[in-house]
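# Chains, contacts and geometry: an overview
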Amino acid sequence: TITGKMTVDEVGLRFYDLVMENAPQEVKNMFTSERTLQAKAFANLLNQVVVNADDPHAIYTKLKGLAPMHLEKGVSKDHLPIMGSALFKLLESILEDHWSDKIKAAWDWIWTWMGNVMAQTLEECGNNLSVVTQSWDLANDNCPDEQLGVMLFDVLFEMAPNLRSVFSKPREVLSLKFCEMMGTLVSFQNKLGDSEEIEQMEWLGLRHIKYGAKREHVDVLGQVLLTTMERAVGEEGWTEEMCNAWTSLWTSTCDK
């Protein structure tokens, strides 16, 4: 009904304006992208919610993927009522006479659920960022210079010797590349969903496809990464919380 009256982009622009109209300055400062770009992001999210209304897991995955970027910008659960208020004003203004108690109740239910998911994922993301950074620092203290990359190289061919044909460059070169890759992964942990991170991951993906990498290699490399971090941190220091945080980071990155 909404897209029958306005295009998706127009809905995004209206939503953006309603947010800006009522938001305090600290919230306005979070929106650093140009108006049309930010509006498009809003519109795409709303469209995803509608398209996947019968698939809560898809919506959850989308919201979880946005949490690192939102956390970096300073978004907290306290800001969610501002977004909710703008959403309901948007729906009521577009639907006009079609706006009913039944429709309001349906959107109220899904927004309440989304708000709980966003609050939860923001908290989990904050915890994971701290854990990933802490374990990364420990790993580098224990394995200075390129030693961490060398360890990942050795673990890779220990766990998946069949991948030697994909990673055929000299050990010294690959070890340095692996170390850089891990550093990039850590540096992007609070930018998942950001355009720069997505562009970088897409470029790396296309580059590795050229070298013969396949989708099934992603899970193998994830296990290699976890094993390498566990060995670098040390069995006594490595925790289940660290394992979960790195697994979440790897999964979120590869989902892009």
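Refer to the structure printed above.
First, a word on scope: everything that follows refers to the structure included in this document. Treat the numbers as computed from the prediction; the structure is a model and nothing was measured. (Residues numbered from 1 in each chain as written. Predicted model: local features only at pLDDT ≥ 70, side-chain atom pairs only at ≥ 80, totals over all residues. Heavy atoms only, no water.)

## Regarding the overall build of the protein chain
Counting its regular elements, the protein chain contains 12 helices and 0 strands. When each of the 256 residues of the protein chain is scored for burial, the buried share is 41%. Summarising the internal contacts of the protein chain: among those between residues at least 6 apart in sequence, 74% fall at separations of at least 24. Accessible surface for the protein chain amounts to roughly 14400 Å². Of this, 52% is attributable to carbon and sulfur atoms. (Helix = DSSP H or I, 4+ residues; strand = E, 2+ residues; numbered from the N terminus. Buried < 20%, exposed > 50% of the residue type's maximum accessible area, 1.4 Å probe, protein only. Contact = heavy atoms within 4.5 Å. Areas by Shrake-Rupley, 256 points an atom, 1.4 Å probe, with all protein chains shown as cover.)

## Details of the packing of aromatic side chains
Counted under the stated rule, the structure contains 7 aromatic pairs. Aromatic pair Trp136 and Trp246: ring centres 6.4 Å apart, planes at 45°, arrangement tilted. Of this pair, Trp136 sits in helix H7 (residues 101–142) while Trp246 sits in helix H12 (residues 240–254), placing them 110 residues apart in sequence. Considered together, Trp136 and Trp246 belong to a single accessibility category, that of buried residues. Their ring planes at 80° and their centres at 4.8 Å tell us that Phe153 and Phe157 sit as a pair that is edge-to-face. One end of the pair is Phe153 and the other is Phe157, both in helix H8 (residues 147–159) and 4 residues apart, which spans about a single turn. In this pair, the class of Phe153 matches that of Phe157, namely buried. Here the aromatic residues Phe15, Tyr16, Phe31 and Phe42 are joined through ring pairs into a cluster of three or more. (Phe/Tyr/Trp six-rings, centres within 6.5 Å; stacked < 30°, edge-to-face > 60°.)

## Focus: helix H2 (residues 8–22)
For H2, which comprises 15 residues, the first-to-last C-alpha distance of 22 Å matches the rise-based estimate of 21 Å (1.5 Å per residue) to within 8%. Along H2, the residues that are buried comprise Val11, Gly12, Phe15, Tyr16, Leu18, Val19 and Met20. (Expected span 1.5 Å × (residues − 1).)

## Quick word on the pattern of salt bridges
Counting across every chain of the model gives 3 salt bridges. For Asp9, the salt bridge identified is with Lys40, shortest N-O distance 3.7 Å. With Asp9 in helix H2 and Lys40 in helix H4 (residues 35–51), this residue pair connects regions lying 31 residues apart in the sequence. The exposure class assigned to Lys40 is partly exposed, which follows from its relative accessible area of 41%. (Salt bridge = Lys/Arg side-chain N within 4 Å of Asp/Glu carboxyl O.)

## Points about the environment of Gln223
Locating Gln223 in the fold gives a position in helix H11 (residues 217–233). With relative accessibility at 44%, the residue Gln223 sits in the partly exposed group. With 27 residues separating them along the chain, Gln223 and Trp250 place their C-alpha atoms 9.8 Å apart.

## Points about the side chain of Asn52
Mapped onto the secondary structure, Asn52 falls in the loop between H4 and helix H5 (56–73). Setting aside chain neighbours within four positions, we find Asn52 in contact with Ala58 and Ile59.

## Points about unusual backbone geometry
Notably, Glu96 is not glycine yet its phi reads approximately 50°, a positive angle. Relative accessible area serves as the criterion here: at 53%, Glu96 is assigned to the exposed category.

## Structural notes on the nonpolar core
In this structure, Phe15, Val19, Leu63, Leu87, Leu90, Trp111 and Met114 are the most contacted members of the largest nonpolar core, which totals 36 residues. Counting 33 residues, the second largest nonpolar core, distinct from the first, contains Met182, Leu185, Met229 and Leu249. (Core = buried A, V, L, I, M, F, W, Y, C linked by side-chain atoms within 4.5 Å.)

## A closer look at the packing of H2 against H4
Look at H2 against H4: their axes get within 7 Å of each other, and the N-to-C directions meet at 110°. The angle between H2 and H4 places the two elements in the roughly perpendicular class. Contact with H2, carried on its side by Val8, Asp9, Val11, Gly12, Leu13, Phe15, Tyr16 and Asp17, involves Arg35, Thr36, Gln38, Ala39, Lys40, Phe42, Ala43 and Leu46 of H4 and no other residues of that element. Of the residues belonging to the contact of H2 with H4, the class tally is 9 nonpolar, 3 polar and 4 charged. (Axes fitted to C-alpha atoms, helices over the stretch in contact; angles between N-to-C directions. Parallel < 35°, antiparallel > 145°, perpendicular 65-115°, else oblique. Nonpolar A, V, L, I, M, F, W, Y, C, P; charged D, E, K, R; others polar.)

## Considerations on the environment of Leu46
With respect to the element layout, Leu46 can be found in helix H4. Through-space distance from the C-alpha of Leu46 to that of Leu87 is 9.4 Å; in sequence the pair is 41 residues apart. The residues touching Leu46, leaving out its near neighbours within four places in the chain, are Val11, Phe15, Leu87 and Leu90.

## Brief notes about the side chain of His79
With respect to the helices and strands, His79 occurs in the loop between H5 and helix H6 (80–95). In this structure His79 touches Glu26, Val27, Met30 and Gly74, once residues within four positions along its chain are discounted.

Everything listed is a geometric property; what it means functionally is a separate question.
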